[in-house]
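The lines below spell out each chain.
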Amino acid sequence: MLLAFLIVPLIPFLFAQQELAQLQVESFQASSTIPGDIILGGLFPVHERGEKTPCGHKVYHRGVQRLEAMLFAIDRINADSNILPNITIGAHIVDTCSRDTYALNQSLAFVRASALNNIDTSNYECQDHSIPRPKINFSGTTFGVVGGSYSSVSLQVANLLGLFRIPQISPASTAKALSDKSRFKYFARTVPPDTFQSSALVDIVKSINWSYVSTVYSEGSYGEYGIEVFHREAEDRNVCIATAEKIPSNADEKEFDNIITKLKKKGNARGVILFTRAEDARRILLAAKRANSSRYFYWVASDGWGKQQKLVEGVEEVAEGSITVELQSTKIPEFDAYMMSLTPEGNKRNPWFEQYWEDFFQCTLPKNMPLVTNITVTVCREDLRLSSEHGYEQESKVQFVVDAVYAFALALDNLNKDLCRTDQPGVCSAMAQFDGGEFYQSYILNLNFNDLVGSPVKFDKSGDGLARYDILNYQRFPNSSGYHYKVVGKWFSSLQLQHESLIFDHNVPDTPMSVCSLPCDVGMIKKQQGDTCCWICDKCEEYEYVYDEFTCKDCGHGYWPYPDKTACYQLEIKHMRWNTVYAIVPATFSCLGILCTLIVIGLFIKHNDTPLVRASGRELSYLLLFGILLCYLNTFVILAKPSDIVCIIQRIGISVGFAIIYAALLTKTNRISRIFDSASKSAKRPNFISPKSQLCIACILISIQVVITVFWMVLDTPGTKSHFPTRKTVILKCNMQAKSFLFSQLYNMLLITSCTVYAVKTRKIPENFNESKFIGFTMYTTCIIWLAFLPIYFGTGDAYEFQIQIMTLCVSTSMNATVALVCFYSPKVYIIVFHPDKNVRKLTMNSAAYKKYNAQPSTSYATSSTSMKGTPCETIPMERVVAATPSRSSCAGVQTEPLESAEPSDAMSLL
C-alpha cells in the first residue's frame, strides 16, 4: 500500500510524456465505459496485432464476444436484486490489440482512475478558487479487472495491478507462471494453468501411439511456458521431440515458410504440436498450404486454436484431422439470445461493434458508406441479425468471462454484507477503502458457486480454476465438403479418448504414424541411433530373451525363450525312454541273452556231476556264467533313467561284469598254459591248478577291478548331470567323463590282452584239449568288438542323438557276454543236450593213439590231484603224439578214480 501511495504522486509526470499521453487519449476514446458505483476494468483483444502499428485493422471476433459477455454479465447482475442490492456495477473496457506492451499502457487507465478517484482534492485549489476535478470522471472505484486473454498480456498487467493491490481475474490466460503467488499475489483465473493442458496434449500423443513429434510455439509466456511443460512430460514418457520451432512475435510470412521447411526435414515426425496463439496457428496452416503440405502434417493444438472456425477458413484441407484442446465449456443460451438481439444502432456502449458487424457480414453500414468509391460496396441490410445461419457461434471462453464477472460480483456482495448496511444505497466508505489485497485473499479465493449453466466455479490456493478440457477433432462431414469440430474425448485428471471417432484423413481410416523408428518385431531389441526414439532393431540370439527393450539376456543352459521372447521356460530333460527303438533293441537282445544264460546255468546245475561239467571246472564256469549274466543285466541299468543309485550301479556293473568274465577266462587259459609248459620240462605237478586255487586267482583279479572302481568313484563322485549337446537340448546323464570311463576299463583291456596272448600260446595243444581253442575264438571276437566299440562310443559322446551312445554301450556289453556264452559254452551245451552218450568218464586221443597206447610200454605219466574231500580223481593218460609235440597231461577237474578204458568210438575232449 505504501508503494502505491509513493507512485500516485508520480502519475501526472508519467502521463506528461507526449507519446504516453497520446496513447492514453486514444485509449479513453476507444473504450467501452459504463457508469456505476463499482467499476470493473476489462481487457480484451478486440483487434489483432498490427505489424507496424500496435493495433491492426482486423477485428478479432472472439475478443468482441468476450467484451459483450462481460457487458451481458453486468446487465444480469445489476438486474438481480439478490446480488449487490442498491449498488450498480459499471465497467471500463479497453482493447489490448493482442499485444502485451500496448495492453500495459492501456491498463494505466485503471491505475490512474483508481488513484485519481482516491486523491484528496481538498488539498488543491484552482486559480478561480474552485475545487479541482479530474478531466475524466469515473463514477466509482476500480475494484478489479477482468482479463486479459493472452498470458503475455496478463503477465505484464498483473505486475502493474499488483503494485496497487488491484485484483485481477482472467478468463483465458493459462500460463503456468501466473500461478506463482510470490510474483502475482492478486491474480486469479477461471481457467486452469497450462500445466494441465500440456499433460492433456502428452496424453493424446501417447494415446495415438506417437513417439516422435515436432513442436511449434509462440514467443511469450503462453507458448514458452506451455511447451516447456510439454517437453518435460514428453521426455518422462518416452516421447521424443524431433525439432522445436519458436514463432517470433514479429514473424513475417518468410519466417513461417522457414518453419514449415524445417518441419519437413524431420520427415518421420508427421505429428506437430502447436502451442501457439490463434493468429500464429492460422499463419502456420497458411504456410503449410503454400508449401503444398496439406496432407503431410497432422496437428495437435492447444486451446490457442481450440474450436475456432475463423482460424481454419480457407485452409480446411490443411487442418483436416487436427486434434485440438479446448477448455470444457457450456454454451449459455441467454448469451446467444443477447447477441442475436444486438444491432449497430442499438449497441452504442461498444465502440467496436459497428466494425465487428461489418466484418462479420462482409458489408458496410449505410452511415459508413464512402461518398466516392471505385469498388462495389455491399450495404448492410437493416434486417441482418447474428444467427447460426450466418455463421455465428458462441465463443468457448464466454462462459469463463461471465464466471469472472460473477466472481467479482459475488465477492463484492459478501464484502458489502460484512461492511455495509444493506439498506444503504451505493458503496459505503468502509467498502470503498477496503484493501484490495485483503479482498482478494479473504473473499475472491474463498468463492464456491455454480455459474449460469450449473458448472462449479472455485479457485485453489494459487487462484487457478478447475482443469476440464474437451478434445476436438476437425473432421469433414460425411458425404459433404464441409468441416466441423467434433468432440472425441474429455480430459479431467486423465484422458478419455474415443479412438473410433477419430478421423485424421477422410481418405485414410487408419491413425497416421509419427515415429522415428518402427517398433521392433518379437525377439528384437532397440539399438539407439541419435535421438532416444530413433533406433535400429537387432535380433536376439535364439537362446536369449528380451530383458528390456534395449537388452537381450541368455536364458541359461536348460532354459529356452517363449516364442514371444518375453521370458524363458525350462526345457524338457531328455533321457532314454523304454518305448524307443534305441531301448527296445538292446533290451530284447539282453533278455534273450539272459534267457540263454539261465538255460546254460540250469543245464550245468542239472548235470553238475557229469564228467563234462566237472572237467570244465565247475567253479570258474559258474563264475563266468555269473559275469555273463551281470553283463546282460547291465543293459537295463544303462537304459534306466539316470539317478545317483543308477549311476553307481552302472559304474560297478560295467567294470566288474567285464572283469568277472575276463578274469575267469584268463585263469582258465593260464592254467592250461602252465600245465602244458610244465609237462615239457618235468613231471612235477604245477602249483595253483586246483579248483580252489583257480577260484582264488580269479577273485583276486576281480578284486583289483573293484578297487579301481572304488578309487574311481572317490575321485569322480558318481551322480547325474545335464548334458547340452545343443542349447535347445538337455540330456540327463550319469556324471561319468569319457576319459575316466576309458581309464577305468584299462584294467579290463589288460585282462583281455593277457587272455588273448594265452589263447594264442595254447592254440597248438592236442585236439582233445580244445577248450583253449574256444577261449581263443572268444578273445579274438572280443578284441574285434572292443576295437569297434571304442570309436563308436567316444565318437557319439556329443551327438544330438544321445541314444546312439547308450545303445552302443548296451549292445557292446551284451555282445561281449554273448561271444563268451556262445563260443565257450555252446559246444558243451551241444554235447549235454544232443550227445549225452559222449558225456562219460572216458578220455582217448583217437583210435590210433588208443591202440598205440595199449600196445607199447607206457611212456606216459599220470598227473593227479586230490580233492579236499578225498574223492577219486580222474587220471588222464598223456602220450607224445608227434615228435614235435610232446605229450602233456593235465588234471581237468577234481581228483577222481583212474580212468576206465575207453573204446575208440568214445573219444571226446574233457577240457
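Everything below is about the structure printed above this text.
The present account deals with the structure reproduced in this document. (Residues numbered from 1 in each chain as written. Predicted model: local features only at pLDDT ≥ 70, side-chain atom pairs only at ≥ 80, totals over all residues. Heavy atoms only, no water.)

Notes on the overall build of the protein
- Summing up its helical and strand segments, the protein has 26 helices and 27 strands in all.
- Across the 911 residues in the protein, those meeting the buried criterion constitute 53%.
- Sequence-distant contacts, at least 24 apart, represent 70% of the contacts inside the protein between residues at least 6 apart.
- For the protein, the computed accessible surface area is about 42,000 Å², with 56% contributed by carbon and sulfur atoms. (Helix = DSSP H or I, 4+ residues; strand = E, 2+ residues; numbered from the N terminus. Buried < 20%, exposed > 50% of the residue type's maximum accessible area, 1.4 Å probe, protein only. Contact = heavy atoms within 4.5 Å. Areas by Shrake-Rupley, 256 points an atom, 1.4 Å probe, with all protein chains shown as cover.)

Some thoughts on the packing of helix H19 (residues 618–639) against helix H21 (residues 691–715)
- Put simply, H19 and H21 touch, their axes get as near as 8 Å, and they point 30 degrees apart. Judged by the inter-axis angle, H19 sits roughly parallel to H21. Note on element contacts: H21 touches H19 through Pro691, Gln694, Leu695, Ala698 and Ile702, opposite Glu619, Leu620 and Leu623. (Axes fitted to C-alpha atoms, helices over the stretch in contact; angles between N-to-C directions. Parallel < 35°, antiparallel > 145°, perpendicular 65-115°, else oblique.)

Focus on the sheet that holds strand S27 (residues 730–734)
- Ordered by their spatial adjacency, three strands build an open sheet running S25-S27-S26, and the pairing between neighbours is mixed. Each edge of the sheet is formed by a strand with only one pairing partner; in this case those strands are strand S25 (573–574) and strand S26 (720–723).
- Here S25 pairs with S27 via two bridges, running parallel. Bridge assignment links Ile573 to a residue of S27, and that residue is Val730. (Pairing = 2+ DSSP bridges.)

Topic: the sheet that holds strand S17 (residues 483–491)
- Overall, mixed pairing links the eight strands, which are arranged S10-S9-S11-S12-S13-S16-S17-S18 in an open sheet. Strands at the two margins of the open sheet, each flanked by one partner only, are strand S10 (240–247) and strand S18 (495–497). Adjacent strand axes in the sheet meet at a mean angle of 30 degrees, parallel and antiparallel pairs treated alike.
- In terms of strand pairing, S17 meets S18 through three bridges, oriented antiparallel. Paired with Trp491 across the bridge in S18 is Leu495.

Here we look at the environment of Gly162
- Examined against the element boundaries, Gly162 turns out to sit in helix H6 (residues 151–163).
- A C-alpha to C-alpha distance of 8.6 Å links Gly162 and Gly437, two positions 275 residues apart in sequence.

Topic: the pattern of salt bridges
- Per the stated rule, a full pass over the model turns up 29 salt bridges.
- Between Glu245 and Lys262 there is a salt bridge; the shortest N-O distance is 3.8 Å. Placement of Glu245 in strand S10 and of Lys262 in helix H9 (residues 253–265) is noted, with a sequence separation of 17 residues between them.
- Overall, the relative accessible area of 10% leaves Glu245 in the buried class.
- Of the charged contacts in the structure, one is a salt bridge between Glu354 and Lys367, with a shortest N-O distance of 2.2 Å. With Glu354 in helix H13 (residues 353–361) and Lys367 in the loop between H13 and helix H14 (398–419), this residue pair connects regions lying 13 residues apart in the sequence.
- On the accessibility criterion, Lys367 (53% relative accessible area) is exposed.
- Connected via shared salt-bridge partners are Arg49, Arg277, Glu279 and Asp280. (Salt bridge = Lys/Arg side-chain N within 4 Å of Asp/Glu carboxyl O.)

What about the packing of aromatic side chains?
- Under the definition given, this model contains 26 aromatic pairs.
- Centre to centre, the rings of Tyr186 and Tyr440 are 6.0 Å apart; their planes meet at 85 degrees, and the pair counts as edge-to-face. Pair noted here: Tyr186 is in the loop between strand S7 (168–170) and strand S8 (187–189) and Tyr440 is in helix H16 (residues 436–444), with a separation of 254 residues, a long-range link.
- Relative accessible area serves as the criterion here: at 12%, Tyr186 is assigned to the buried category.
- Residue class for Tyr440 comes out buried when judged on its relative accessible area of 0%.
- Each ring, one from Tyr356 and one from Phe360, has its centre 5.9 Å from the other, and the planes form 35 degrees; the classification is tilted. In this pair, Tyr356 and Phe360 are both assigned in helix H13, four residues apart and thus about one turn of the helix distant. Like Tyr356, the residue Phe360 is buried in the burial classification.
- Joined through ring pairs, the aromatic side chains of Phe353, Tyr356, Trp357, Phe360 and Phe361 make up one cluster.
- In this structure, Arg651 is placed above the aromatic ring of Trp712, and the distance from its NZ or CZ to the ring centre is 4.4 Å. (Phe/Tyr/Trp six-rings, centres within 6.5 Å; stacked < 30°, edge-to-face > 60°. Lys NZ or Arg CZ within 6 Å of the ring centre and 35° of its normal.)

Looking at a nonpolar patch on the surface
- Nonpolar side chains collect at one region of the surface, where Ile645, Ile648, Ile649 and Ile652 lie side by side and expose about 330 Å² of accessible area between them.
- The residue Ile649 is located in helix H20 (residues 644–679) in this model.
- Relative accessible area serves as the criterion here: at 42%, Ile649 is assigned to the partly exposed category. (Patch = residues over 30% accessible without salt bridge, like charges linked within 9 Å, V, L, I, M, F, W, Y side chains within 5 Å.)

Here we look at the packing of helix H7 (residues 194–207) against helix H8 (residues 221–236)
- Viewed as axis vectors pointing N to C, H7 and H8 meet at an angle of 45 degrees, and their least axial separation amounts to 9 Å. One element, H7, and the other, H8, form an angle in the oblique class. Like other packed secondary-structure pairs, H7 and H8 cross with a definite hand, here right-handed. Every residue of H8 that contacts H7 at Asp194, Thr195, Gln197, Ser198, Ser199, Leu201, Val202 and Val205 is listed here: Tyr222, Gly226, Val229, Phe230, Glu233 and Ala234.
- The residue makeup of the contact of H7 with H8, split by class, is seven nonpolar, five polar and two charged. (Left-handed = near helix turned anticlockwise from the far one by under 90°. Nonpolar A, V, L, I, M, F, W, Y, C, P; charged D, E, K, R; others polar.)

Observations concerning helix H4 (residues 61–79)
- Under the 1.5 Å per step criterion, the end-to-end length of H4 is 27 Å for 19 residues, consistent within 8% with the ideal 27 Å.
- The buried fraction of H4 is high, at 15 of 19 residues. (Expected span 1.5 Å × (residues − 1).)

Here's the deal with the side chain of Glu326
- One can find Glu326 in strand S13 (residues 323–327).
- Side-chain polar atoms of Glu326 contact the backbone nitrogen of Lys307, separated by 3.4 Å.
- Every residue in contact with Glu326, bar those within four places of it in the chain, is listed here: Asp303, Gly306, Lys307, Ser396, Lys397, Arg468, Tyr469, Asp470 and Leu472. (Polar contact = N/O pair within 3.5 Å; in protein donor to acceptor, adjacent residues only side chain to side chain.)

Some details on the nonpolar core
- Counting 68 residues, the largest nonpolar core has Met70, Phe335, Tyr356, Leu386 and Met431 as its most contacted members.
- Among the elements of the structure, strand S2 (38–44), H4, strand S5 (89–95), strand S6 (141–146), helix H12 (333–341), H13, H14 and H16 are those that each provide at least two residues to this core.
- The leading source of residues in this core is H14, at 13 residues.
- Once residues within four sequence positions are removed from consideration, Met70 is found in contact with Leu40, Gly41, Gly42, Phe44, Ala91, Ile93, Val146, Val401 and Val405.
- One finds Tyr632, Val656, Phe789 and Leu821 within the second-largest nonpolar core, a separate group that totals 57 residues. (Core = buried A, V, L, I, M, F, W, Y, C linked by side-chain atoms within 4.5 Å.)

Some remarks on H12
- Buried within H12 we find Phe335, Asp336, Tyr338 and Met339. Buried positions in H12, seen along its axis, are confined to an arc of 160 degrees and lie on one side of it.
- As for H12, its buried residues are in contact with H4, H13 and H14. (Arc of directions from axis to C-beta.)

Quick word on the environment of Phe361
- Here Phe361 shows up in helix H13.
- Residue classification places Phe361 among the buried residues on the basis of a relative accessible area of 13%.
- Between the alpha carbons of Phe361 and Arg381 there is a distance of 9.7 Å; along the sequence they are 20 residues apart.
- For Phe361, the contacting residues outside a window of four places in its chain are Leu384, Arg385, Leu386 and His390.

Observations regarding the pairing of strand S20 (residues 531–539)
- Two strands pair when backbone bridges link them, and strand S19 (residues 524–529) and S20 are joined in this way by six bridges, in the antiparallel orientation. Opposite Met524, over in S20, you have Lys539 as the bridge partner.
- Where S19 folds back onto S20 in an antiparallel hairpin, the turn is made up of one residue, including Gly530, whose phi is positive at roughly 80 degrees.

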